Amino acid sequence: MMRKLLLTGFDPFAHYNINPSWEAVKALPDVIGNFAVAKLMLPNIYGTAGRLLVEEAERIKPDVILMTGMDSGSTRLHLDAVAVNLRDALLEDNKGAAPWGEPVVPGAPAAYFATIPTHALVKRLQKQGCPVHLGYCTGGYVCNDIFYTALHRFNGTSVKTGFAHVPLLPQMVWDESKALPLDETVKTLRQIIENLSEILTEEEHA
């Protein structure tokens, strides 16, 4: 049986005119493993991005939500384990907001763990030679904002939620050793999704 995957990326922000998360998402096919993939580009705006994500998820009712964002200074994709209830903007969002020390959801838990099998995925992918690492936290920017928002909204439901950070593209940096070509990012993101599909099928039949 086909499952539904909601896959998101971000629009460009700050001084960048491209965002590798959305470039990678839109380059992927519409069926991966046993996932029918729905794609959504989110704005780098606190609050708005999370609201649009939840609205789309409630509309299409996915089995899995996998969000992606951009990570500078790495040549690997990071699967993040934790979202925290904190907005700390090291730079302004696309509406000029720069919250500091504010909660994502006032009065809600301090943090949530990803509900996709992050640790099992990372181990499995590393055995396959994929450039994937475990990330512990998505920071305090809009990446964390949507991750926390989704985990809070779907806490206690069957919807599995995760986040992957993708590296910068070679054309975005002076030093290409601090980037990953788009086709490599697309290939690795696809492997993440294929392995996630296999793990969930194995769990179902266990």
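These numbers were taken from a predicted model, which means no experiment stands behind them.

How do you make sense of the overall build of the protein chain when you look at a structure like this?
When you go through the protein chain residue by residue, the secondary structure sums to 5 helices and 10 strands. Computed over its C-alpha atoms, the radius of gyration of the protein chain comes to 16 Å, within 12% of the 17 Å expected for a compact globule of 206 residues. In terms of its C-alpha atoms, the protein chain occupies a principal-axis envelope of roughly 45 × 45 × 25 Å. Per-residue burial for the protein chain yields a buried fraction of 54% across its 206 residues. Carbon and sulfur atoms form 55% of the exposed surface of the protein chain, whose accessible area is close to 9600 Å². Considering the protein chain, the positive charge centre built from 18 side chains and the negative charge centre built from 23 side chains are found 5 Å apart.

In this structure, what is going on with the packing of aromatic side chains? I would like to understand it.
Counted according to the given criterion, the structure contains 5 aromatic pairs. Ring geometry for Tyr 46 against Tyr 141: centres 5.8 Å apart, planes inclined by 85°, an arrangement best described as edge-to-face. Placement of Tyr 46 in the loop between strand E3 (35–42) and helix H2 (48–60) and of Tyr 141 in the loop between strand E9 (132–137) and helix H4 (142–153) is noted, with a sequence separation of 95 residues between them. Both residues of the pair, Tyr 46 and Tyr 141, count as buried. Summarising the aromatic geometry, the rings of Tyr 112 and Tyr 148 are spaced 5.1 Å apart at their centres and angled 50° between planes, so their arrangement reads as tilted.

Help me understand the nonpolar core, please; the structure alone is not making it clear to me.
Soluble globular proteins tend to bury their nonpolar side chains together. Ranked by internal contacts, the top residues of the largest apolar core, which has 35 residues, are Phe 10, Leu 53, Ile 65, Met 67 and Ile 146. Those elements that place two or more of their residues in this core are strand E1 (3–10), E3, H2, strand E4 (64–71) and H4. Ranked by residues supplied to this core, first place goes to H4 with 7 residues. Dropping the residues within four chain positions of it, Leu 53 is found in contact with Leu 6, Thr 8, Leu 40, Leu 42, Ile 65, Met 67, Ile 146 and Ala 150. Ile 32, Leu 77, Ile 193 and Ile 199 belong to the second-largest nonpolar core, a separate cluster that totals 32 residues.

How should I be thinking about the environment of Gly 129 in this particular structure?
On the secondary structure map, Gly 129 appears in the loop between helix H3 (118–127) and E9. Sequence spacing of Gly 129 and Thr 188 is 59 residues, and the spatial spacing of their C-alpha atoms is 9.9 Å.

Is there a simple way to think about unusual backbone geometry in this case?
For Ala 14, which is not glycine, the phi torsion reads 50° and is therefore positive. Along the chain, Ala 14 turns up in the loop between E1 and helix H1 (20–27). Residues other than glycine seldom take positive phi values, yet Lys 61 does so here, at roughly 55°.

Got a minute to help me understand the pattern of salt bridges in this structure?
Side chains that carry opposite charge are capable of pairing whenever their charged atoms lie near each other. Scanning the entire structure with this criterion turns up 11 salt bridges. Here Asp 175 and Lys 178 are joined by a salt bridge, their closest N and O atoms 3.4 Å apart. The partly exposed category is assigned to Asp 175, whose relative accessible area is 36%. Judged by relative accessible area, which is 42%, Lys 178 ranks as partly exposed. Here the salt bridges do not stand alone but share partners, grouping Arg 124, Glu 198 and Glu 202 into one network.

Before we go on, may I ask you to explain helix H5 (residues 182–205) in this structure?
Think of an α-helix as 3.6 residues a turn; residues three or four steps apart then line up on the same face. The end-to-end C-alpha separation of H5 is 35 Å, in line with the 34 Å expected for 24 residues at 1.5 Å each. Among the residues of H5, those classed as buried are Thr 185, Val 186, Thr 188, Leu 189, Gln 191, Ile 192, Ile 193, Asn 195, Leu 196, Ser 197, Ile 199 and Leu 200.

What should I look at first to understand the packing of H2 against H4 in this one?
Packed helix pairs are specified by the crossing angle of their axes together with the interaxial distance, meaning the distance between the axes. The interhelical angle for the contact between H2 and H4, taken along N-to-C directions, is 40°, at an axis separation of 9 Å. Between H2 and H4, the crossing angle belongs to the class labelled oblique. Here the hand of the crossing between H2 and H4 comes out right-handed. Taken together, the residues of H4 that come into contact with H2 (itself represented by Ala 49, Gly 50, Leu 53, Val 54 and Glu 58) are Val 142, Ile 146, Thr 149, Ala 150 and Arg 153.

Where do I start with H4 in this structure?
Here H4 contains 12 residues, and its C-alpha end-to-end distance of 16 Å stays within 8% of the 16 Å for a straight helix at 1.5 Å per residue. Looking only at H4, the buried set comprises Val 142, Cys 143, Asn 144, Asp 145, Ile 146, Phe 147, Tyr 148, Thr 149, Ala 150 and Leu 151.

Procedures and definitions
Residues numbered from 1 in each chain as written. Predicted model: local features only at pLDDT ≥ 70, side-chain atom pairs only at ≥ 80, totals over all residues. Heavy atoms only, no water. Helix = DSSP H or I, 4+ residues; strand = E, 2+ residues; numbered from the N terminus. Rg over C-alpha atoms; globule rule 2.2 N^0.38 Å. Buried < 20%, exposed > 50% of the residue type's maximum accessible area, 1.4 Å probe, protein only. Areas by Shrake-Rupley, 256 points an atom, 1.4 Å probe, with all protein chains shown as cover. Lys, Arg positive; Asp, Glu negative; His and termini not counted. Charge placed at Lys NZ, Arg CZ, Asp CG, Glu CD. Phe/Tyr/Trp six-rings, centres within 6.5 Å; stacked < 30°, edge-to-face > 60°. Core = buried A, V, L, I, M, F, W, Y, C linked by side-chain atoms within 4.5 Å. Contact = heavy atoms within 4.5 Å. Salt bridge = Lys/Arg side-chain N within 4 Å of Asp/Glu carboxyl O. Expected span 1.5 Å × (residues − 1). Axes fitted to C-alpha atoms, helices over the stretch in contact; angles between N-to-C directions. Parallel < 35°, antiparallel > 145°, perpendicular 65-115°, else oblique. Left-handed = near helix turned anticlockwise from the far one by under 90°.

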